[in-house]
Amino acid sequence: MLSGEANFFSLQLTKAIYKNQMDFNLYKPKEKPSFWHKRIHFGVVIFVIVISFAGVLWLLHKNTKIISELDNFPGTIFQKHVKKTFSETPIKEEWHFTPGPISMDQIKKNGCVADGFLSGYGDKTGEITKTLERSKCVYLHRALETWLHPPDFEKAVEIMKGMDKNPVVYGMFLAEAISTRRRYVDPNWDHEFKFDKMCRGQDKNHWEKNSCIPSIDKPEYQRYLKSITHRAMDIGIQSFMFGQIELQDENPNFDNTQVKNVLDDMRSYAKEKNIQIIIGAQTNSIMDERYLRLFDYIEGGVGIDSNGSVEDQPCSSKFSSCWALLWNKRYSLISNNVLLHLDWSGLTWDDMGIFARMNQDKRIETLSSLYHKFTDQNMGFLMPFLAVLNNHNDGCYGPNKSFYVPSKKYRCDDEDKINKMMPDVPKGNL
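Rules of the game
- Counting starts from 1 at the beginning of each chain's written sequence and moves along it residue by residue.
- A pLDDT threshold of at least 70 governs which residues receive local features in this predicted model, and a stricter bar of 80 or more applies before side-chain atom pairs are shown or counted, although totals over entire chains, interfaces and linings include all residues.
- Values reported for side chains reflect all heavy atoms of the structure, with hydrogen atoms and water molecules removed beforehand.
- Secondary structure follows DSSP: runs of H or I at least 4 residues long count as helices, runs of E at least 2 residues long count as strands, and numbering of each begins at the N terminus.
- Burial classes: relative accessible area under 20% of the type maximum marks a residue as buried, over 50% as exposed, and values in between as partly exposed (1.4 Å probe, protein chains only).
- What makes two residues a contact is simply this: any of their non-hydrogen atoms within 4.5 Å.
- Accessible areas in this description were obtained via Shrake-Rupley with a 1.4 Å probe; residue shielding takes into account the shown protein chains only.
- Polar contacts here mean pairs of N or O atoms no more than 3.5 Å apart (in protein, one a potential hydrogen donor and the other a potential acceptor; neighbouring residues in sequence count only if both atoms are side-chain atoms).
- Strands qualify as paired when DSSP identifies two bridges or more between them.
- Aromatic rings from Phe, Tyr and Trp, with only the six-membered ring used for Trp, were paired whenever their centres fell within 6.5 Å, and each pair was classed as stacked if the ring planes differed by under 30 degrees, edge-to-face if by over 60, and tilted otherwise.
- We count a charge as sitting over a ring when the NZ of a lysine or the CZ of an arginine lies within 6 Å of the ring centre and within 35 degrees of the ring normal.
- pLDDT measures the predictor's confidence residue by residue and takes values from 0 up to 100.
- Working definition: a disulfide is two cysteine sulfur atoms within 2.5 Å of each other.
- Between N-to-C directions, angles span 0 to 180 degrees; the directions come from axes that are lines fitted to C-alpha atoms, helices contributing only their stretch in contact.
- For this classification, under 35 degrees means roughly parallel, over 145 means roughly antiparallel, 65 to 115 means roughly perpendicular, and everything else is oblique.
- Handedness of a crossing follows from how the near helix is turned relative to the far one, being left-handed for an anticlockwise turn of less than a right angle and right-handed for a clockwise one.
- Basically, the charged four are Asp, Glu, Lys and Arg, the nonpolar ten are Ala, Val, Leu, Ile, Met, Phe, Trp, Tyr, Cys and Pro, and anything else, Gly included, counts as polar.

Asker: What exactly am I supposed to notice about the overall build of the protein chain here?
Answerer: Scanning the protein chain from N- to C-terminus turns up 14 helices and 12 strands. For the protein chain, with 430 residues in total, the buried portion stands at 44%. Within the protein chain, contacts between residues separated by at least 24 positions form 71% of all contacts whose residues are at least 6 apart in sequence. When the accessible surface of the protein chain is split by element, carbon and sulfur atoms take 53% of a total near 24500 Å².

In structure tokens, the structure reads:
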């Protein structure tokens, strides 16, 4: 057993060994001195200061450049540049034709046949446009055609853009002839139109192969009429005429007709658009007064002979069935308005064929006689400015043998004499 001194010495040695072990414990490494307590070389300090100062100078230069670029950017929204930006780059509005008021009196006295003008008839649209601009015509009858073709509204708008005339009322023909081979798309209506579902009866080759007479009784034809008349009003067309309504309407009498629904829809849409429209029809020998008065006007040809004369009786003596002479009291007294013109059917013996074979003096004499005869009775006589001719017709013609145009540039050269017959119209008024 150890003595007390030995025990004390042993205890002190143990404490020293323990302390030494604690100082070298791997699980509690010795802490390093703080960064801020380390000594840094003076050259490093100078290098850091120089780099920082250069960075600040670069940022100031970059910020100044950005502000300068924004200040001069064309589309800047800074207040001091707003006025300058808008004055230098004005927004150009999309072109559209604005229809005006309609005067039936002016339509009767300054109405002109312009068949297919907005459909490109006559080929030389530029010269026909100039002829119409020089004219005293304020109403262009049948300007947009639908005979065996759906209307081409894009083409119509392009032609209207090139027309510098005010006032002017454009007309549209709703033909009694459709082609079952055609396709029509309304961009505003998700409906695939089926022309073979518009036909009256089973005759699908009536006018030519794959063609028929449309029937107003057919829902598909009613949908088609709704579409094309609405789109026509959208581009500014104001007069609509049904071709040979007794063919299109299977029940052309007031009590049974379906045309009332079509007319109501057209007039309702015009009211919605806040434009004035007129609706007419080729009514031939229909004598139901309530039916005739559904339309704003009835329209037909005059049936001239080689001397330019017309008959004063209900029906033309040229035909076995009644080809109505609408100025006769049988029809004129029971309708709202009557519009008359030289008729055309593309045959050599029609009104336009006979007229084009006359010499110029006879042509002008005939037009003057008819114009005064009918306008004196408060009816309209529409002067010919673009009408179809048989291309084998032996007479004067316009840009080609298939069309009459009175332009001084072509063979007939009637425009100055025709314009003298019509009254002047103050610009901008109707």
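Asker: How should I be thinking about the environment of Lys136 in this particular structure?
Answerer: Tracing the sequence through the fold places Lys136 in the loop between helix H5 (125-134) and strand S2 (139-144). Measuring from C-alpha to C-alpha, the distance between Lys136 and Lys165 comes to 9.8 Å, with 29 residues separating the pair along the chain. Not counting the four nearest positions on each side in its chain, Lys136 is found in contact with Asn110, Asn419, Lys420, Met422, Pro423, Asp424 and Val425. Within polar-contact distance, the side chain of Lys136 engages the backbone oxygen of Met422 at 3.1 Å. Within the structure, Lys136 has its side chain in polar contact with the side chain of Asp424 (distance 2.8 Å).

Asker: Help me understand the pairing of strand S8 (residues 297-301) in this model?
Answerer: One face of the sheet, then the other: side chains in a regular strand alternate in exactly this way. Counting buried positions along S8 yields five of five residues, so the element is predominantly enclosed. Residue alternation in S8 divides its side chains into two sets, Tyr297, Glu299 and Gly301 and Ile298 and Gly300, and both sets are buried. Here strand S7 (residues 278-281) pairs with S8 via two bridges, running parallel. If you follow Gly280 over to S8, its bridge partner there is Tyr297.

Asker: What am I meant to see in the packing of aromatic side chains here?
Answerer: Geometrically, a pair of aromatic rings is defined through the distance of the ring centres and the angle of the planes. For the structure shown, the criterion picks out 16 aromatic pairs. Among the aromatic side chains, those forming a connected cluster through ring pairs are Tyr184, Trp189, Phe193, Phe195, Tyr221 and Tyr224. Sitting over the ring of Phe173, Arg142 keeps its end group 3.5 Å from the ring centre. When the ring centre of Phe254 is taken as origin, the NZ or CZ atom of Lys260, which lies over that ring, is 4.1 Å away.

Asker: Could you clarify how one ought to interpret the confidence of the model for the protein chain in this entry?
Answerer: Any segment with low pLDDT has predicted coordinates that should not be analysed in fine detail. On average, residues of the protein chain carry a pLDDT of 86, and 77% of them reach 70 or more. Low pLDDT, under 50, characterises residues 1-33; the predicted model gives this stretch two contacts beyond four residues in sequence or across chains.

Asker: Explain the environment of Met241 to me, please; I cannot follow it from the model alone.
Answerer: Structurally, the position occupied by Met241 is in strand S6 (residues 239-242). Residue classification places Met241 among the buried positions, given a relative accessible area of 1%. Between the C-alpha atom of Met241 and that of His141, which follows or precedes it by 100 residues, the distance is 8.9 Å. Ignoring any residue separated from it by four or fewer positions in sequence, one finds Met241 in contact with His141, Arg142, Met172, Phe173, Leu174, Gly280, Ala281, Gln282, Tyr297 and Glu299.

Asker: Is there a simple way to explain unusual backbone geometry in this structure?
Answerer: Among all residues except glycine, the phi angle is most often negative; among peptide bonds, the trans geometry is most common. The amide bond that connects Asn166 to the next residue, Pro167, takes the cis arrangement and shows omega of 5 degrees. Structurally, Pro167 can be placed in the loop between helix H6 (153-161) and strand S3 (169-174). With a phi angle near 60 degrees, Arg142 is a residue other than glycine that sits in the positive phi range. In this structure, Arg142 sits in strand S2.

Asker: Would you mind showing me how to read the sheet that holds strand S9 (residues 338-341) here?
Answerer: Through backbone hydrogen bonds, the strands of a sheet pair up, either in parallel or in antiparallel fashion. One open sheet accounts for 10 strands, arranged S10-S9-S8-S7-S6-S3-S2-S1-S11-S12; its pairing is mixed. Unpaired on one side and paired on the other, strand S10 (380-381) and strand S12 (403-404) mark the two borders of the sheet.

Asker: Looking at this structure, I do not really get the state of the cysteines. What am I missing?
Answerer: In protein structure, a disulfide is the covalent linkage between the sulfur atoms of two cysteines. Taken as a whole and judged by the stated rule, the model has four disulfides. A disulfide bridge connects Cys199 with Cys212, and the sulfur atoms are separated by 2.0 Å. An S-S torsion of about -75 degrees defines the bridge between Cys199 and Cys212 as left-handed. Note that Cys199 is positioned in the loop between strand S4 (178-179) and strand S5 (211-212) and Cys212 in strand S5, a separation of 13 residues in sequence. When the bonded cysteines of the protein chain are numbered from the N-terminus onward, they pair as 1-2, 3-4, 5-6, 7-8.

Asker: Hey, could you run me through the packing of helix H7 (residues 219-234) against helix H9 (residues 259-273) in this one?
Answerer: For any two helices packed against each other, the geometry comes down to the angle between their axes and how far apart the axes lie. Where H7 contacts H9, the axes come no closer than 10 Å and their chain directions differ by 25 degrees. Of the possible angle classes, the one that applies to H7 and H9 is roughly parallel. Remark: the crossing between H7 and H9 carries right-handed chirality. Along its contact with H7, which presents Gln222, Leu225, Lys226, Thr229, His230, Met233 and Asp234, the element H9 presents Val262, Asp265, Met266, Tyr269, Ala270 and Lys273. For the contact of H7 with H9, the class distribution of residues is six nonpolar, three polar and four charged.

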